[in-house]
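# Remarks on the overall topology
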Amino acid sequence: MPHWEHLQKLALDEVEAIFAALPAPLRERARQLPVTFERVPNAALQADGIEPDTLGLFTGPEFADEEHSTLPPQIILFLENLWAQAEGDEEIFRDEVHTTFLHELGHYLGLDEDELTERGLD
C-alpha cells in the first residue's frame, strides 16, 4: 500500500477534478461541504452500524434540511478501503474515489440508494 500522504493526494486531486467539472451553482454548494479522508471507519462508526469495508459516508443533514440541524454535513472517504477495492491500481483507485464521492454528494442532495444506482453511482 502506498504511503498515506500519497493516497490523500490522489484522492484530493480526484475530488478537485470533480469540483471543477460540476455546474457552477452546484460546485459552489459542494465546495462548502467538508470532505475528510480516513483510513477506515473508526470504532465509533462501526458501533453505529457502519461496515468496516465501507468506501464512503455522508453524515449530517441533506442540503434541504441543513438549516434545521445542529450537525454540519460532511463526506468521509475511507481511502484504505478504496485502495483495497481498487486492488492496488492507482487508476482504478481514482475511479473508485470519483464514484464514491459523487455517490455521497448525491446523498447530500437528497438522492436515495435507488436513485444513485439509476445514475450508475452504486
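Below is a short write-up of the structure.

Before going further, it helps to examine the sheet that holds strand β1 (residues 35-38). Reading across the sheet, the three strands line up as β1-β3-β2 and stay open at both edges, with mixed pairing between neighbours. In this open sheet, the two strands that pair with only one neighbour each are β1 and β2 (56-59). Each strand of the sheet is rotated relative to its neighbour by a mean of 20°, with strand direction disregarded. In the sheet, β2 pairs with strand β3 (residues 74-78) via four bridges, with the strands oriented antiparallel. Note that in β3 the partner of T59 across the bridge is Q74. In the packing of helix α1 (residues 4-21) onto the sheet, contacts are made with β1 and β3, and the angle to β1 comes to roughly 150°.

All right, on to the nonpolar core then. Grouped together as the largest cluster of nonpolar side chains are 23 residues, with contacts concentrated most on I75, L77, L79, F93, V97, F101 and L105. Those elements that place two or more of their residues in this core are α1, β3, α4 (79-85) and α5 (90-108). Not counting the four nearest positions on each side in its chain, I75 is found in contact with L33, P34, V35, T36, L57, F58, F101, E104 and L105.

Rules used in this analysis
Residues numbered from 1 in each chain as written. Predicted model: local features only at pLDDT ≥ 70, side-chain atom pairs only at ≥ 80, totals over all residues. Heavy atoms only, no water. Pairing = 2+ DSSP bridges. Helix = DSSP H or I, 4+ residues; strand = E, 2+ residues; numbered from the N terminus. Axes fitted to C-alpha atoms, helices over the stretch in contact; angles between N-to-C directions. Contact = heavy atoms within 4.5 Å. Core = buried A, V, L, I, M, F, W, Y, C linked by side-chain atoms within 4.5 Å. Buried < 20%, exposed > 50% of the residue type's maximum accessible area, 1.4 Å probe, protein only.

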